[in-house]
Amino acid sequence: MTDTSKSGRPGQRSGQKPFYKKKTGGKPAPRRPGLPPEGPVLLYGLHTVEAAFANKDRKRLKLFATENAQNRLVERGVTIDVPVETMMPRALDRMVTKDAVHQGMILEADPLPAYGAEHLKGARLVLALDQVTDPHNVGAILRSAVALDADAVVTTERHAPEEGPVLAKSASGALDMIKHVRVKNMARFVAEMKDKGFGCIALDSDGPASLEDTAFTDKTVLVLGSEGKGVRQGVREACGLLARLDMPGEIRSLNVSNAAVLSLYVARMKMAL
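Residues numbered from 1 in each chain as written. Predicted model: local features only at pLDDT ≥ 70, side-chain atom pairs only at ≥ 80, totals over all residues. Heavy atoms only, no water.

## Looking at the side chain of His180
For step 1, the next point in the chain: One can find His180 in strand S7 (residues 179-183).
For step 2, the next point in the chain: Engagement of the side chain of His180 in a polar contact is seen with the side chain of Thr155, the distance being 2.9 Å.
For step 3, the next point in the chain: Once residues within four sequence positions are removed from consideration, His180 is found in contact with Tyr115, Val153, Thr155, Leu167 and Leu175. (Helix = DSSP H or I, 4+ residues; strand = E, 2+ residues; numbered from the N terminus. Polar contact = N/O pair within 3.5 Å; in protein donor to acceptor, adjacent residues only side chain to side chain. Contact = heavy atoms within 4.5 Å.)

Shown next, in the form of structure tokens:
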């Protein structure tokens, strides 16, 4: 296991919150909406940290963790390849928000690369989110996309959650397991994907046919919109194909993260993936 230090960095008292370089102001640098932050991010929780260590595209900087948490990571086969600072749980509490469940470990890391449409070569099933802003919803969608073996999740640069600890924790490791592509203009992205042979389907409650009765091609982009507004008009027009999710029960609509799960499942069945 990596050598640890009980006393922390020079000039730091035992159990005191670790300080950061001046440029970070004691916390990750301000983030631009929808884009990777310009400074380090803090990732916490067992599954999130474990996935970050397994991701070759994630540049890891330092692990702050209790002895028990370090042992737990090693027991799960994680190679801790960064400096480690052993800390007490209360000191870790002070590094994150009050309601954060860090499970005894916080990883300081650089944000992931800014993936673009050019990184989707060979993809067959892509899920695009048109201005879905809630990081908990997007995190849950990332997790579902990994579970259903989608190739990427696409969001807009603006009106989308930042790559931060809330999104990462909500994704429970999925942020480091699937390409998260950010695009400036969703309608333009859809048009580009259609030029590459993708069928693009926008989920809309007024769609002329159910998703189950919609014809799929062998490469598909599913587009979901924000709750309330749905997929924007320009993006719907770019897709050209609308489909609805029919609900047989008294509640006729689903939370966007639940709609994403159902849509991906139907798409896999229709595409015989």
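Read on, since the account is not over.
## Examining unusual backbone geometry
For step 1, the next point in the chain: A positive phi angle, close to 60°, is found at Asp149, a residue other than glycine.
For step 2, the next point in the chain: Inspection of the secondary structure puts Asp149 in the loop between helix H4 (135-147) and strand S6 (152-156).
For step 3, the next point in the chain: For Asp149, a relative accessible area of 51% corresponds to the exposed category. (Buried < 20%, exposed > 50% of the residue type's maximum accessible area, 1.4 Å probe, protein only.)

## Quick word on the pairing of S7
For step 1, the next point in the chain: Of all 5 residues making up S7, 4 are buried, and the element is well covered by its neighbours.
For step 2, the next point in the chain: For the crossover from S6 across helix H5 (residues 165-171) to S7, the handedness is right-handed. (Right-handed = clockwise from strand over helix to strand, strands pointing away.)

## Digging into the environment of His136
For step 1, the next point in the chain: When you line up the elements, His136 lands in helix H4.
For step 2, the next point in the chain: C-alpha of His136 to C-alpha of Ala168: the two residues are 32 residues apart in sequence and 9.1 Å apart in space.

## Some thoughts on the nonpolar core
For step 1, the next point in the chain: By size, the foremost hydrophobic cluster in this structure holds 51 residues, and its most contacted members are Leu63, Leu107, Leu142, Leu211 and Leu222.
For step 2, the next point in the chain: Residue contributions to this core peak at 7 residues, all from helix H8 (residues 256-271).
For step 3, the next point in the chain: With near-sequence residues (within four places) excluded, Leu63 lies in contact with Val49, Phe53, Leu73, Ile80, Val82, Pro83, Val84, Glu85, Met105, Ile106 and Leu107.
For step 4, the next point in the chain: In this structure, Ala123, Val126, Val190 and Val231 belong to the second largest nonpolar core, which totals 23 residues. (Core = buried A, V, L, I, M, F, W, Y, C linked by side-chain atoms within 4.5 Å.)

## Some points on the sheet that holds strand S1 (residues 41-44)
For step 1, the next point in the chain: If you trace the 4 strands from one edge of the open sheet to the other, you get S1-S4-S2-S3, paired in mixed fashion. Among the strands making up the open sheet, the edge pair consists of S1 and strand S3 (84-86). The sheet shows a mean angle of 20° between the axes of neighbouring strands, direction not considered.
For step 2, the next point in the chain: Bridging between strand S2 (residues 60-65) and S3 involves 3 bridges; their strand directions are parallel. Bridge assignment links Ala65 to a residue of S3, and that residue is Thr86.
For step 3, the next point in the chain: Running over the sheet, helix H2 (residues 67-75) touches S2, S3 and strand S4 (105-109) and is turned about 125° from S2. (Pairing = 2+ DSSP bridges. Axes fitted to C-alpha atoms, helices over the stretch in contact; angles between N-to-C directions.)

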